Amino acid sequence: MDLLIVDGYNVINAWPELIAVKDNLEYARDKLVDILSEYGAYKGFRTIIVFDAHMAAGKSVSQTLVGELEVIYTKEGETADSCIEKMVYYLVRQGERVYVVTSDLAEQMFILGAGAFRISARELKNDVASTKKEIKENISRKVLARDRHELGNRLGKDILKRLDAIRRDGLD
């Protein structure tokens, strides 16, 4: 399973809908976690969101959430960038396929040099939007298919064969 590591505050400061609510930083973090939880589950990513501890006073160092999503608050005095760099260096050497979301140019250069893939916050936003659209279309198709009440879908094969024979032979 591919790993998606996200610089949380970098994304919050890049997405207009999260910038709009960043006065309530806890709400902005929760909203980002919700968005990436759905996105990661649909895309098949194990997702880690990293937040700087100084912006989240009183948070524990690591908090595992539902499924394949983990939220990490760095240790006091550690930046999200340095935490991400350590993870990337270790995980790439373990043979993991790692994607890192950040728009920080210096961080992107390190990520590429370490052998991981970089995704800008804007690119992630676009992919999240197209993924939401794809999910919605898939749900609509399934609902339409489910709501069709065709007789043939509810009859046994033996009855369908007999009805088909009657149809072919006619009702003379």
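Just so we're clear, the structure is a prediction, and the values are computed from it rather than from any experiment. (Residues numbered from 1 in each chain as written. Predicted model: local features only at pLDDT ≥ 70, side-chain atom pairs only at ≥ 80, totals over all residues. Heavy atoms only, no water.)

(A) Examining the pattern of salt bridges more closely. By the definition in use, this model includes 9 salt bridges. With a closest N to O distance of 3.8 Å, Arg46 and Glu96 form a salt bridge. Of this pair, Arg46 sits in strand E2 (residues 46–51) while Glu96 sits in the loop between helix H4 (80–93) and strand E5 (98–101), placing them 50 residues apart in sequence. What makes Glu96 partly exposed here is its relative accessible area of 27%. Across the salt bridge formed by Lys86 and Glu78, the nearest N and O atoms sit 3.1 Å from each other. Using a relative accessible area of 56% as the deciding quantity, one classes Lys86 as exposed. Relative accessible area serves as the criterion here: at 16%, Glu78 is assigned to the buried category. (Salt bridge = Lys/Arg side-chain N within 4 Å of Asp/Glu carboxyl O. Helix = DSSP H or I, 4+ residues; strand = E, 2+ residues; numbered from the N terminus. Buried < 20%, exposed > 50% of the residue type's maximum accessible area, 1.4 Å probe, protein only.)

(B) Structural view of the environment of Arg93. You can see Arg93 is positioned in helix H4. Taking relative accessible area as the criterion, Arg93 reaches 47% and is therefore assigned partly exposed. Once the C-alpha coordinates of Arg93 and Gly115 are considered, the two residues, 22 residues apart in sequence, prove to be 8.7 Å apart.

(C) Just the side chain of Thr74, in detail. Its place among the elements puts Thr74 in the loop between strand E4 (69–73) and H4. In terms of polar contacts, Thr74 uses its side chain to reach the backbone carbonyl oxygen of Glu78, at 2.7 Å. Among all residues touching Thr74, those that are not within four sequence positions of it are Val50, Phe51, Asp52, Ala53, Thr79, Ala80 and Cys83. (Polar contact = N/O pair within 3.5 Å; in protein donor to acceptor, adjacent residues only side chain to side chain. Contact = heavy atoms within 4.5 Å.)

(D) Fine view of the packing of H4 against helix H5 (residues 105–114). In the contact formed by H4 and H5, the axes pass within 10 Å of each other and the chain directions differ by 10°. By the angle class used here, H4 and H5 are roughly parallel. Of H5, the residues touching H4 (which contributes Asp81, Ile84, Glu85, Val88, Val92 and Arg93) are Glu107, Phe110 and Ala114. Its residues assigned to classes, the contact of H4 with H5 shows 5 nonpolar, no polar and 4 charged. (Axes fitted to C-alpha atoms, helices over the stretch in contact; angles between N-to-C directions. Parallel < 35°, antiparallel > 145°, perpendicular 65-115°, else oblique. Nonpolar A, V, L, I, M, F, W, Y, C, P; charged D, E, K, R; others polar.)

(E) Quick look at the pairing of E2. Extensive coverage of E2 is indicated by the burial of 5 of its 6 residues. Note that strand E1 (residues 3–7) and E2 share 5 bridges and pair parallel. When the sheet's bridge partners are listed, Ile5 is paired in E2 with Ile48. (Pairing = 2+ DSSP bridges.)

Function cannot be read off these values alone, since they describe shape.
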